[in-house]
Amino acid sequence: MCKNPLDFCKKVVKKLKNKYKDRGNKLTTIAIIIMGCFFYGGYVKNLVFGNIEARNSGLNHVAELKLDDNWNLNEIEDYTFASKSVQGEDFEEMSYLEGEIRNITKDHPIEEMAPFIAKYDKKIAALIVGIAKKESSWGLHSPWKNGQTCYNYWGYKGMGSKGVAMGYGCFGSAEEAVGAIGGRISELVEQNIDTPAKMVVWKCGRSCAATGGQAAANKWVADVNVYYKRIAMLAS
């Protein structure tokens, strides 16, 4: 370790304090790193960087991430260099909301849209995710055109940059799709259509009688509400 392990640990902890929104993860990470500083000179480098990844994996694999052997974290200058390199290339900081959306939608096509969805406030993000779950099972059942996905996971019938496919808008990218849907939902929220119950107009339009009746409308609201609540009620 460096000549003054305590000073090194203080610097490491200071750099990591703001990396975690979740208080439990933050305290666990800091505690592990402090212990490592005093007892495991070589192992601490894996704890420092492994825990960056571990925030989304329940701290189950804190030592999986390896750094080049020539990086010596006994020196604070090397730690600073390594930290900047990892943050800049492999672990771009994500918001708490983005992380939760990724966790909820894991292994579904919509997961790649998490950073774009997370740019909206929680209420709008919650509607985007909730409606997509009901309309396409988060992208598992959605329109394609010329062998490519249209990124339309919401049953949106407006025009996309690639026109329409199967009667629905066809977008050229995940970012374009979220921008169009997020923009439309934002307009409705401004009109006080801001809950799944009110947002049923997304399914029914002017009349639910033409889209399966009131029972189908009620089911739509209930299903959208499941994931709407999970995201809308997230702690800030």
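Residues numbered from 1 in each chain as written. Predicted model: local features only at pLDDT ≥ 70, side-chain atom pairs only at ≥ 80, totals over all residues. Heavy atoms only, no water.

**A short note on the state of the cysteines**
Under the criterion given, the structure shown has two disulfides. In this model, Cys-150 is linked to Cys-170 through a disulfide, with the two sulfur atoms separated by 2.1 Å. Judged by the torsion about the S-S bond (-80°), the Cys-150/Cys-170 disulfide is left-handed. Here Cys-150 is found in the loop between strand S2 (148–149) and strand S3 (164–165), whereas its partner Cys-170 is found in the loop between strand S4 (168–169) and helix H8 (174–190), with 20 residues between them in sequence. The residues Cys-150 and Cys-170 share a single accessibility class, namely buried. (Disulfide = S-S within 2.5 Å. Helix = DSSP H or I, 4+ residues; strand = E, 2+ residues; numbered from the N terminus. Buried < 20%, exposed > 50% of the residue type's maximum accessible area, 1.4 Å probe, protein only.)

**Description of the layout of surface pockets**
Taken as a whole, the largest pocket encloses approximately 460 Å³ of empty space. In this structure, the largest pocket is lined by 19 residues; those nearest its centre are Trp-154, Gly-155, Tyr-156, Lys-157 and Trp-202. Of all the secondary-structure elements, those providing two or more residues to the lining of the largest pocket are helix H7 (122–136), H8 and helix H9 (201–204). No other element matches the three residues that H9 contributes to the lining of the largest pocket. In terms of residue class, the lining of the largest pocket is made up of eight nonpolar, seven polar and four charged. (1 Å grid on protein atoms, 1.4 Å probe; cavity = no way out; pocket = protein on both sides within 12 Å on 5 of 7 lines; lining within 4 Å. Points joined across faces, edges and corners; volume = space filled by probe spheres on them. Nonpolar A, V, L, I, M, F, W, Y, C, P; charged D, E, K, R; others polar.)

**What about H8?**
Three- or four-residue spacings in an α-helix give side chains the same orientation, since the helix completes a turn every 3.6 residues. The end-to-end C-alpha distance of H8 is 24 Å, a good match for the 24 Å that 17 residues give at a rise of 1.5 Å each. Inspection of H8 places Ala-174, Ala-177, Val-178, Ile-181, Gly-182, Ile-185, Ser-186, Leu-188 and Val-189 among the buried residues, and these make up the whole buried set. All buried residues of H8 project into a common sector of 160° when viewed along the axis, lining one side. Buried-residue contacts for H8 involve helix H6 (114–117), H7 and H9. Where H8 terminates, the next one or two residues include Asn-192, which has phi positive at roughly 70°. (Expected span 1.5 Å × (residues − 1). Arc of directions from axis to C-beta. Contact = heavy atoms within 4.5 Å.)

**A look at the pattern of salt bridges**
What the rule picks out here adds up to six salt bridges. The partner of Glu-98 in a salt bridge is Arg-102, and the shortest N-O contact between them spans 3.1 Å. Of this pair, Glu-98 and Arg-102 both sit in helix H5 (residues 96–104), four residues apart, which is roughly one turn of that helix. Ionic contacts of the salt-bridge type, sharing partners, join the residues Lys-123, Asp-194 and Lys-198 into one network. (Salt bridge = Lys/Arg side-chain N within 4 Å of Asp/Glu carboxyl O.)

**Some thoughts on the nonpolar core**
Counting 42 residues, the largest nonpolar core has Ile-101, Met-113, Ile-117, Trp-154, Ile-185, Met-199 and Trp-202 as the members making the most contacts within it. Broken down by secondary-structure element, the contributors of at least two residues to this core are H5, H6, H7, H8, H9 and helix H10 (213–232). Per element, the largest residue contribution to this core is eight residues, and it comes from H7. Excluding residues that lie within four positions of it along the chain, Trp-154 makes contacts with Ile-110, Met-113, Ile-128, Ile-131, Ala-132, Glu-135, Ala-177, Val-178, Ile-181 and Trp-202. (Core = buried A, V, L, I, M, F, W, Y, C linked by side-chain atoms within 4.5 Å.)

**Focus: the confidence of the model for the chain**
Interpretation of this model should avoid reading the predicted coordinates in detail wherever pLDDT is low. Of the residues in the chain, 60% have a pLDDT of 70 or more, and the chain-wide mean is 76. Confidence, expressed as mean pLDDT per element, reaches its minimum in the chain at helix H4 (residues 76–89) with 40 and its maximum at H6 with 98. Every residue in residues 37–68 is under pLDDT 50, and counting partners more than four places away or in other chains gives 66 contacts. In the predicted structure, residues 70–92 sits below a pLDDT of 50 and forms 36 contacts with residues beyond four places in sequence or in another chain. (pLDDT = per-residue confidence, 0-100.)

**Some thoughts on the side chain of Ser-186**
Tracing the backbone through its elements, the reader meets Ser-186 in helix H8. In contact with Ser-186, not counting residues within four places along its chain, are Tyr-120 and Ile-124.

**Observations concerning the packing of aromatic side chains**
Counted according to the given criterion, the structure contains four aromatic pairs. Centre to centre, the rings of Tyr-156 and Phe-171 are 6.0 Å apart; their planes meet at 20°, and the pair counts as stacked. Separated by 15 residues along the polypeptide, Tyr-156 in the loop between S2 and S3 and Phe-171 in the loop between S4 and H8 bring together distant segments of the chain. The partly exposed category is assigned to Tyr-156, whose relative accessible area is 22%. By relative accessible area, which is 1% here, Phe-171 ends up buried. Between the NZ or CZ atom of Lys-133 and the centre of the ring of Trp-138, over which it lies, the distance is 4.5 Å. (Phe/Tyr/Trp six-rings, centres within 6.5 Å; stacked < 30°, edge-to-face > 60°. Lys NZ or Arg CZ within 6 Å of the ring centre and 35° of its normal.)

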